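In case you want the letters, here they are:
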Amino acid sequence: MQIIIEKCKGCGACVLDCPQDAIRLVKRKAVIGPACSECGACLKVCPEEALFSEDAPVPGAVTCEACPIQCRIKEGYTGACQRFMNRGGTLERTIALKTYEEVKHLTGPDWKPAIRQPLITGIGAGTTYPDCKPAPHIVQSKVDGVDVVTVVTEAPLSYSGIKLKIDTDVTIGKEGAPVFFRRKQVGHLTTEEYGSKILSLGGVNLLTGDGGLSLARLISDIANRKRAKLRIDHGSRIEVQVGHRPVIDGKIDDVMRVGCGSATLGLFAGLFNEVADEVIVLDSHLTGLMSEHSSGLYVGARPSGVRLRFKQSTPGRYFGDHGKGWGGTSIIEPRDVIESVDMNVARAGMKILITETTGRKAVMMKVGKRGDLKEIPMPSDASRAVADLADTCQESRVSAVYCGGSGGSARAGVARYPIKLTRAVHAMKARLTIGGAPTFVLPGGGINFMVDVEKVMQGAFTWVPTPATVCPIEYTMTLEDYLEMGGHEEAIKPFG
Ligand code: SF4
Ligand code: SF4
């Protein structure tokens, strides 16, 4: 990495973001040290554009090809991720491969087979109120020769909500945008997760707000796989139903993308390279350019002189943008993604395939003598390649996890020492299930869990106008552990 001294203003942005601690400021000018592995992080953050990288080989450095950054690592130094070190001209992992035996003290114990499944579920159990009374059903039986107890209730949970996963590459709104149901805010649009958009609905603050009653009903309806219509502020109107395809602005979205533009090239470069000279995979996250991408180089794609209008992340991978165009970008006319074609490199007659990651839309362009672009009919081999891409995509669907906090007063109905119950759940001595479905219990304090609603019987979720959602809960443990936590021994009934 080189510095243009006159441009450097000594702001220190590169110093903060260099993963190698390779830059320091000397008399308010950046100075690059020998640990630099040419990762390019400083280039991305320098507001003055005072840094540049030369393609020339770095003496004594080995190029790491374990990720798109392709660090050039000098003898005795690591790459930007600190995972690889150049030792005597060979790249070695800085952490040795570990067997399970070496990490199992960290992973924690497994559930004992005897307590994996509840004896009965909480579905239809009813609730006891106040919570200090024993739970409505506490049953005991022998499983695998072990005395096992299951305690069930239907707990009203004010700390509850639902995370909706909507498989789509369509832009539905800005991250963080409020989500409305019948004019009341019920949540917000949160992160994108690979081929999906995530909505977070509910939570105690919205449940106790002025739209709380309809929100409690909405959460239990969605968890029970009923259809709901939502609106994203300054974004789309969507219809969601768990297990079904999403309807976005009146249109059913039927396929989810196979991956981002870069991943698509990683999967299909071999096929694409046989049908076009250059391939652009349009995507709002990463748009891929085959001739520069490592998968394109691997399959022998030649330089094409095509420059894209998006900002480069790493070679062949360009940050997209968001909009109503191809691949969820702002590109409505596919040729507009091409900023220029350098005819010193390109060849007249060269074919450029532009496709979405779903293969839903694709065009073929031909490069003219002056670098002009003309759309041509899609050749049959290219059509087949795009169809192969489309066939690899999964169907779009809506799925959901219900999130609840069951660490509150309802624990008193289970045992006299609620802290012991909480500890037992985290120590995998008491198994928490929801309608028989396995849960993921979040680490840290309390009992915060997530459950896939499709694994819970339809209709098992209800709501009460406190407002709260109501969900079946089961705790299953050995009799010995139950008594140790102050379980309600007098309320135990035999199972069956
Ligand atoms: S290229 Fe990477 S390692 Fe080198 S100075 Fe810049 S940020 Fe640091
Ligand atoms: S895997 Fe690590 S060392 Fe290798 S190129 Fe990527 S960031 Fe650099």
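Structure report, in brief. All figures in this text were calculated on a predicted structure; none of them were measured in a lab.

Under the counting rule described, the total for this entry stands at three aromatic pairs. Consider the rings of Tyr-402 and Phe-449, whose centres lie 6.2 Å apart with planes at 35 degrees: the pair is tilted. Here Tyr-402 is found in strand E28 (residues 398-405), whereas its partner Phe-449 is found in strand E32 (residues 448-452), with 47 residues between them in sequence. Taking the relative accessible area as the measure of exposure, Tyr-402 reaches 1% and is therefore buried. With relative accessibility at 1%, the residue Phe-449 sits in the buried group. Relative to Phe-461, the ring of Tyr-402 has its centre 4.8 Å away and its plane inclined at 40 degrees; by these criteria the two rings are tilted. Taken together, the positions of Tyr-402 in strand E28 and Phe-461 in the loop between E32 and strand E33 (462-464) put the pair 59 residues apart, joining distant regions of the chain. For the residue pair Tyr-402 and Phe-461, the accessibility class agrees, reading buried in each case. Among the aromatic residues, ring-to-ring pairing joins Tyr-402, Phe-449 and Phe-461 into one connected group. Here the basic side chain of Arg-93 rests over the ring of Phe-84, its NZ or CZ set 5.6 Å away from the ring centre.

Moving on, we get to the layout of surface pockets. Reported here for the largest pocket is a volume of approximately 1,100 Å³. Surrounding the largest pocket, 31 residues form its lining, Pro-68, Ile-69, Gln-312, Thr-314 and Pro-315 being those nearest its centre. The set of elements that each furnish at least two residues to the lining of the largest pocket consists of helix H2 (41-45), strand E4 (51-52), helix H7 (294-298) and strand E22 (311-314). In terms of residue class, the lining of the largest pocket is built from 12 nonpolar, 11 polar and eight charged. Taken as a whole, the second largest pocket spans an internal volume of roughly 400 Å³. Taken together, 16 residues line the second largest pocket, and the ones lying closest to its centre are Val-170, Lys-251, Lys-324, Arg-360 and Lys-361. Class assignment for the residues of the lining of the second largest pocket results in three nonpolar, five polar and eight charged.

Parameters at a glance
- Starting from 1, residues in each chain are numbered consecutively following that chain's sequence as written.
- Written order decides the labels, with chains lettered from A and ligands numbered from 1.
- A pLDDT threshold of at least 70 governs which residues receive local features in this predicted model, and a stricter bar of 80 or more applies before side-chain atom pairs are shown or counted, although totals over entire chains, interfaces and linings include all residues.
- Side-chain calculation: all heavy atoms of the structure are included, whereas hydrogens and water are not.
- Two rings belonging to Phe, Tyr or Trp (six-membered ring only in the last case) form a pair when the distance between their centres is within 6.5 Å. Interplanar angles under 30 degrees mark stacking, angles over 60 mark edge-to-face geometry, and anything in between is tilted.
- To qualify as a helix, a DSSP run of H or I must reach at least 4 residues; to qualify as a strand, a run of E must reach at least 2; elements of each kind are numbered from the N terminus.
- Burial here depends on accessible area, computed with a 1.4 Å probe over protein chains only, as a share of the maximum for the residue type. Under 20% is buried, over 50% is exposed, and the range in between is partly exposed.
- Charge-over-ring contacts are defined here by two conditions on Lys NZ or Arg CZ: a distance within 6 Å of the ring centre and an angle within 35 degrees of the ring normal.
- Here a cavity means grid points, on a 1 Å grid over the protein atoms only, where a 1.4 Å probe fits yet cannot get out; a pocket means an open set of points with protein on both sides within 12 Å along at least five of seven lines; lining residues are those with an atom within 4 Å of a point.
- Grid points are joined across faces, edges and corners, and a volume is the space filled by probe spheres set on the points.
- Three categories are distinguished: nonpolar for Ala, Val, Leu, Ile, Met, Phe, Trp, Tyr, Cys and Pro, charged for Asp, Glu, Lys and Arg, and polar for the others, with Gly belonging to the last.

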